[in-house]
Amino acid sequence: MTTYGFLATNGNSQVLISSKTKNLHFLGKAKYAYAVQATNNYGGIRRFVYRINCITTPVPFFTTPTSESYAILRMTLVGADTWEIEIIKSGYSDVKPEVYVFTEANGQITPNTSYGMKVLNETSGVTYDSRLRPLIVKAGGSISQPYDPIPGAPPPGALDSSECKTNASPYLIPTATSSSSIAGVASLVKPIVNYQSISQAQKQFTVIMPSRTGFFVVQNYLRTSSYWVFCRGGVSIAQSGSTLNVTSGWVAVDYSCNWTYKKESTFLGIGVGGSSRTGGTWPFENQSINMNPVSFIVSDGALYD
Amino acid sequence: MVPYMIKPFTILATKDEPNFGTLVSYTISDRAYVDQEDYKGIQTSILTSGLLIPLGEDIDTYLLNYLIRSEWIKL
């Protein structure tokens, strides 16, 4: 039985500070580095990459400056202690979210005062240091994306079946959203959220056009094009009074089309040969995966500005 | 539901998606007169895709209304 250590709980017996767990502390804001993708097709796609130096795994939080969907797509160690954090965003706005990074103290964050409270574990590692601006969780929960990212289908004639000739962007915009709210949240000056993109969806529309020419020599044509978009889950948060509104949606991250062309000939009903061509990439079809609710944590960025 | 003697679409496959509903793969065709440089006459277009039918919804009714809204079925 442990006879030493520190444990602080709230009125619901939830752990606030413990010598047994490592608390997250504010490391700094990640700097915007470059955009992987920026297009207004497919409802708008923005993939922003940020960088920060961190000797342990960073835990990023981001602002959602517009009502569009945002998520952390990846965190990659690209140098000795340099991490890249990729944030995806739907919509047409180029406003970049601010990215706040938290991590365990581990000596990499320097306090600017010698007064405060520091909690050590049994190996003298720092689990909490009040001088290092520990993460203050304001709200949390979990939310799922709506299963089907695109609520409608393109009308007849909208998509060309011949060799993927149509720009399918207007018909493959992931507009479906679902919402939830958390009541009793103290006022947040600048809400920031940690949300990883887990859910994935693929939606496609395959259009086929059979046709025939000739009389004695009949030629049958079959043209097929499969237009598809691949989406990842994202969220947006906004506060109204003491209610925090969380909206989950989809962000298109990839798109393409696959087409095939077949031609067969007959003479007086007897086959005399045919040919076929194909091109493009194979999609997988109309499914959403990893659809369990994804956790999110909300804090206030103004505490760390 | 709009009374149809024969379903104007074909359900190719269904798959249960727990907590969400039934994923339906469907196909539907449309015939229209076209007057193009290389072809003039009746042209058939076929659409194949998937749709999630929410829990508690009748598959045929939901899909029919979806295809009416999408103009593949004309009233």
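What you see is a predicted model; the values in this text were computed from it and never measured.

Analysis parameters
Residues numbered from 1 in each chain as written. Chains lettered and ligands numbered in written order. Predicted model: local features only at pLDDT ≥ 70, side-chain atom pairs only at ≥ 80, totals over all residues. Helix = DSSP H or I, 4+ residues; strand = E, 2+ residues; numbered from the N terminus. Rg over C-alpha atoms; globule rule 2.2 N^0.38 Å. Buried ≥ 20, exposed ≤ 12 C-beta atoms within 10 Å, placed from the backbone. Contact = placed C-beta atoms within 7 Å. Domains from an automatic or database assignment. Core = buried A, V, L, I, M, F, W, Y, C linked by C-beta atoms within 7 Å. Pairing = 2+ DSSP bridges. Nonpolar A, V, L, I, M, F, W, Y, C, P; charged D, E, K, R; others polar.

## Here we look at the overall build of chain B
Along its length, chain B carries one helix and three strands. In sequence order, chain B lays out its α and β elements as β-β-β-α. Here the C-alpha atoms of chain B give a radius of gyration of 15 Å, more than 25% beyond the 11 Å that 2.2 N^0.38 yields for 75 residues. Overall size of chain B, expressed as C-alpha extent along the three principal axes, is 50 × 25 × 20 Å. Considering chain B as a whole, with its 75 residues, one finds that 20% of them fall into the buried category. Here the analysis covers contacts within chain B between residues at least 6 apart in sequence; of these, 43% occur between residues at least 24 apart.

## Brief notes about the domain arrangement of chain A
All names here are of chain A. Domain annotation for chain A reports domain 1 (7-139) and domain 2 (145-304). Distance between the C-alpha centres of domain 1 and domain 2: 31 Å. Elements supplying a minimum of two residues to the side of domain 1 that touches domain 2: β6 (59-62), β7 (70-77) and β8 (82-90).

## Looking at unusual backbone geometry
All names here are of chain A. We note that Arg133 has phi near 50°; this positive angle belongs to a residue other than glycine. Inspection of the secondary structure puts Arg133 in the loop between β11 (126-129) and β12 (139-143). On the basis of neighbour count, Arg133 is assigned to the partly exposed category, with 17 C-beta atoms found within 10 Å. Unlike most non-glycine residues, Asn290 shows phi in positive territory, near 55°. When you line up the elements, Asn290 lands in the loop between β19 (288-289) and β20 (294-300).

## With respect to the nonpolar core
Looking at soluble globular proteins, one finds that nonpolar side chains tend to be buried together. All names here are of chain A. Ile87, Leu172 and Val193 are the most contacted members of the largest nonpolar core, which totals 76 residues. In terms of residue count, the dominant contributor to this core is strand β17 (residues 243-267) (nine residues). Summarising the domain contributions, this core has at least three residues from each of domain 1 (7-139) and domain 2 (145-304). Each residue touching Ile87, except ones within four places of it in the same chain, is listed here: Phe48, Tyr50, Phe62, Tyr70, Ile72, Leu73, Pro97 and Val99.

## Re the pairing of strand β9 (residues 99-103) of chain A
All names here are of chain A. Of all five residues that make up β9, five are buried, and the element is covered over most of its length. Neither face of β9 is open: one carries Val99, Val101 and Thr103, the other Tyr100 and Phe102, and all of them are buried. By the bridge criterion, four bridges tie β6 to β9 in an arrangement that is antiparallel. When the bridges of β9 are listed, Phe62 appears paired with Val99.

## Re the interface of chain B and chain A
Taken together, the 21 residues of chain B in the interface contact 20 residues of chain A. For the side of chain B that touches chain A, the leading source of residues is strand β3 (residues 40-54) of chain B, giving ten residues. Per-class residue counts for the side of chain B that touches chain A are nine nonpolar, eight polar and four charged. Looking at chain direction, strand β15 (residues 200-213) of chain A and β3 of chain B are connected through three bridges and run antiparallel. The partner of Thr206 of chain A across the bridge, within β3 of chain B, is Thr48 of chain B.

## Some thoughts on the pairing of β20 of chain A
Residues and elements named next belong to chain A. Counting buried residues along β20, five of its seven residues qualify, which places the element largely inside the surrounding structure. Pairing geometry for β12 and β20, over five bridges, is antiparallel. By the bridge assignment for β20, Gly141 is matched with Phe296. As judged from the five bridges shared by strand β14 (residues 191-195) and β20, these two strands associate in the antiparallel manner. In the strand pairing of β20, Asn194 is matched with Ile297.

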